[in-house]
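Commentary on secondary and tertiary structure
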Amino acid sequence: MTSFDGLPGQPARERGIFCNRTLNMRSIKAIGYDMDYTLIHYHTTEWERRAYEHLKTRLAARGFPVEDLAFNPELVIRGLIIDVELGNLLKVNRFGYVKRATHGTAPLDFETQRNTYSRTIIDLSEPRFVFLNTLFSLSEACMYAQLVDLLEAGMLPAGTGYEELYRRVKSGLDEAHMEGHLKAEIIADPDRFVVLDPEAPLALLDQQKAGKKLLLITNSEWSYTDAMMTYAFDRFLPDGMSWRHLFDLVIVQARKPEFFMQKSPLFEVVNEEGLLRPWIGAMREGGRYLGGDASQVERSLGISGDEILYVGDHIWGDVRVSKSVLRWRTALILRELEDEITASYAARLDEARITALMEEKEKLELASCQLRLMAQRQKNGYGVTKDAPTDGEAYTRLAEIKQKLTELDERIGPLAKAAGEVSNPNWGLLMRTGNDKSHLARQIERSADIYTSRVSNFMAHTPYFYFRSRRGTLPHDPSSEVPSPDPGP
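A few points on the structure. Residue positions within a chain follow its written sequence, with the count starting from 1. Per-residue local features of the predicted model are confined to residues with pLDDT of at least 70, and side-chain atom pairs are confined, for both listing and counting, to 80 or more; whole-chain, interface and lining totals are unaffected and use all residues. Hydrogens are left out, water is left out, and the side-chain values use all remaining heavy atoms of the structure.

A closer look at the packing of helix H1 (residues 44-61) against helix H3 (residues 138-152)
The N-to-C vectors of H1 and H3 enclose an angle of 50 degrees; their axes lie 8 Å apart at closest approach. Classified by the angle between their axes, H1 and H3 sit oblique to one another. Where H1 crosses over H3, the handedness of that crossing is right-handed. For the pair H1 and H3, the contacting residues are Thr44, Glu48, Ala51, Tyr52, Leu55, Lys56 and Leu59 in the first and Leu138, Ser139, Cys142, Met143, Gln146 and Leu147 in the second. Think of it as three bins: nonpolar holds Ala, Val, Leu, Ile, Met, Phe, Trp, Tyr, Cys and Pro, charged holds Asp, Glu, Lys and Arg, and polar takes everything else, Gly as well. Residues of the contact of H1 with H3, tallied by class, amount to eight nonpolar, three polar and two charged. Helix axes are fitted only over the stretch in contact, all axes being lines through C-alpha atoms; the angle between N-to-C directions runs from 0 to 180 degrees. Runs of H or I in DSSP of at least four residues are treated as helices and runs of E of at least two as strands, each being numbered from the N terminus. Roughly parallel means an angle under 35 degrees; roughly antiparallel means over 145; roughly perpendicular covers 65 to 115; every other angle is labelled oblique. For a crossing to be left-handed, the near helix must be turned anticlockwise from the far one by less than a right angle; the clockwise case is right-handed. Note on contacts: a residue pair qualifies if any of its non-hydrogen atoms lie within 4.5 Å across the two residues.

Some thoughts on the packing of aromatic side chains
Here a Phe, Tyr or Trp ring, Trp counted by its six-membered ring, pairs with any other such ring whose centre lies within 6.5 Å, and the pair is stacked when the planes are under 30 degrees apart, edge-to-face when over 60, and tilted otherwise. In this structure the tally under the stated criterion is 15 aromatic pairs. Between Phe18 and Tyr451 the ring centres are 5.5 Å apart and the planes differ by 35 degrees, which places this aromatic pair in the tilted class. In this pair, Phe18 sits in strand S1 (residues 17-19) while Tyr451 sits in strand S20 (residues 450-452), placing the two residues 433 residues apart along the sequence. Under the scheme applied here, a residue whose accessible area is under 20% of the maximum for its type counts as buried, over 50% as exposed, and between as partly exposed, the area being computed with a 1.4 Å probe on protein chains only. A relative accessible area of 26% means that Phe18 is categorised as partly exposed. Centre to centre, the rings of Tyr42 and Trp47 are 4.6 Å apart; their planes meet at 45 degrees, and the pair counts as tilted. Judged on exposure class, the residue Tyr42 and its partner Trp47 are both buried.

Some words on the nonpolar core
Counting 103 residues, the largest nonpolar core has Tyr33, Leu147, Phe233 and Phe247 as the members making the most contacts within it. It is H3 that provides the largest number of residues to this core, a total of ten residues. As used in this record, nonpolar core signifies buried Ala, Val, Leu, Ile, Met, Phe, Trp, Tyr and Cys residues forming a set joined through side-chain atoms within 4.5 Å.

Points about the sheet that holds strand S5 (residues 81-83)
Note on pairing: DSSP must find at least two bridges between two strands before they are called paired. Across the sheet, five strands lie side by side as S8-S7-S6-S5-S9; this open sheet has antiparallel pairing. If you trace the sheet from one side to the other, it starts and ends with strand S8 (106-107) and strand S9 (129-131), each paired once. Pairing of strand S7 (residues 98-103) with S8, which is carried by two bridges, proceeds in the antiparallel orientation. Bridge pairing in S8 places Thr102 opposite Pro107.

Some words on the pairing of strand S16 (residues 308-312)
Summarising burial for S16: five of the five residues are buried, a large majority. On S16, burial covers both faces: Ile308, Tyr310 and Gly312 on one face and Leu309 and Val311 on the other are all buried. With four bridges connecting them, strand S3 (residues 30-33) and S16 associate as parallel partners. Within S16, the residue paired with Tyr33 across the bridge is Val311. Judged from the four bridges that link them, S16 and strand S17 (residues 329-333) form a sheet pairing that is parallel. Note that in S17 the partner of Leu309 across the bridge is Arg329. Think of it like this: strands point away, you trace from the first strand over the helix to the second, and a clockwise trace means the crossover is right-handed. Once you follow S16 into helix H11 (residues 315-326) and on to S17, the crossover reads as right-handed.

So, the pairing of strand S13 (residues 266-269)
In the sheet, S13 pairs with strand S15 (residues 287-291) via three bridges, with the strands oriented antiparallel. Along S15, the bridge assignment pairs Glu268 with Tyr289. Pairing geometry for S13 and strand S14 (residues 276-278), over three bridges, is antiparallel. Residue pairing in the sheet places Glu268 in a bridge with Arg277 of S14.

Quick notes on helix H7 (residues 199-209)
Burial within H7 is extensive, with eight of its eleven residues counted as buried. Residues Glu199, Ala200, Pro201, Ala203, Leu204, Leu205, Gln207 and Gln208 constitute the buried set of H7. The inward-facing, buried residues of H7 abut S3, strand S11 (213-217), helix H8 (222-233) and helix H16 (458-461). Two residues or fewer after H7 comes Gly211, characterised by a positive phi angle close to 95 degrees.

Now the structure itself:
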């Protein structure tokens, strides 16, 4: 992968920043950052496997027969939806229609899926649907799917429901995080869990020196935040500078998304051990705090709304709420995007073949429809032209077209199957489902002004860049093959 080398030029496509809504960085006065999976990236499989093991231990202590279960990183992806009413995992398109589903870990066949969801539009406001917002959801969803398998195999107590299973999984994982054992392991052995990015501190330093106020707003506690930021940032900063020098405000245990929606008491973190004291009034520059709320941040900085850009990895807790409630500008960190783009580009040739074959199929289908219409007119004695084929000619040509369509389907089938397995053999690409955008892509489109794979990608675009969204396409737009006019000198 090509990384930015500090010289002007376009970044590699995998390291690009992609714009849904025009954003002028010159108008941004403050940039807030989440920490986990935003400023700090983790070896996802390693982190989620350990989270899964902690969850497994808790479930075993409650009598669940989970000894033979193991974390499968390919079983689920971010952006899936759990239907806790039926025990299914769903991949949904932007309109809310289910395009792929499993019951537990077993794929639903076409007829079962259609009978189950043909009249259902997935609405995330309904409590039966749980959206997998972040990479932290992978261990939870993997365990849930495997427990559904155990339930169907008769290995769990009679009367156990799919929704109860989910509550058990969710509570067990929450306990693992709250008790701090997992984070203690990470602090003790960060080399095992943390992916270092030497360009991220430099990107923030660029923003700071360009006059942006930088904020760290995280749900993690002070001791963990300090340990992770020290490990991942300090070694890449100039001598005598620590991560603390980058931020005008540090807020831990922010309780997002409530941080953006509700007022909350504010405490100052007094020392390195995390001693707290109540704080009233404006936050001081360089201060570190616990709790509080976004309105206090705005008042303390003297800015609001579209002058603040917030960068996070959680579609709901970081991006959707900060935009809908406060009208902050938003950037989503989607770590999987680099692999997604790489896989998409690798599959371009097969995609082009499918497109060409589908165009040929559409022409044949149109010809078939026209012949059937001609035969209908011949039969009913209306609208028949002199050059119209006879019934016999029409049915002969229809048979020929049917044979060609069968041959085309035989060629398209394996290519379409392979296209559905690009990036992940079970679910395909994160941002697509078939020819359409996935529900995840729609959420990103609605909530994130810009999105990218890592914070360090800001370095290539600089703190002065003007992000412009592309012209939206419509089905009736002229073909892109038409040459554009000469723009002149």
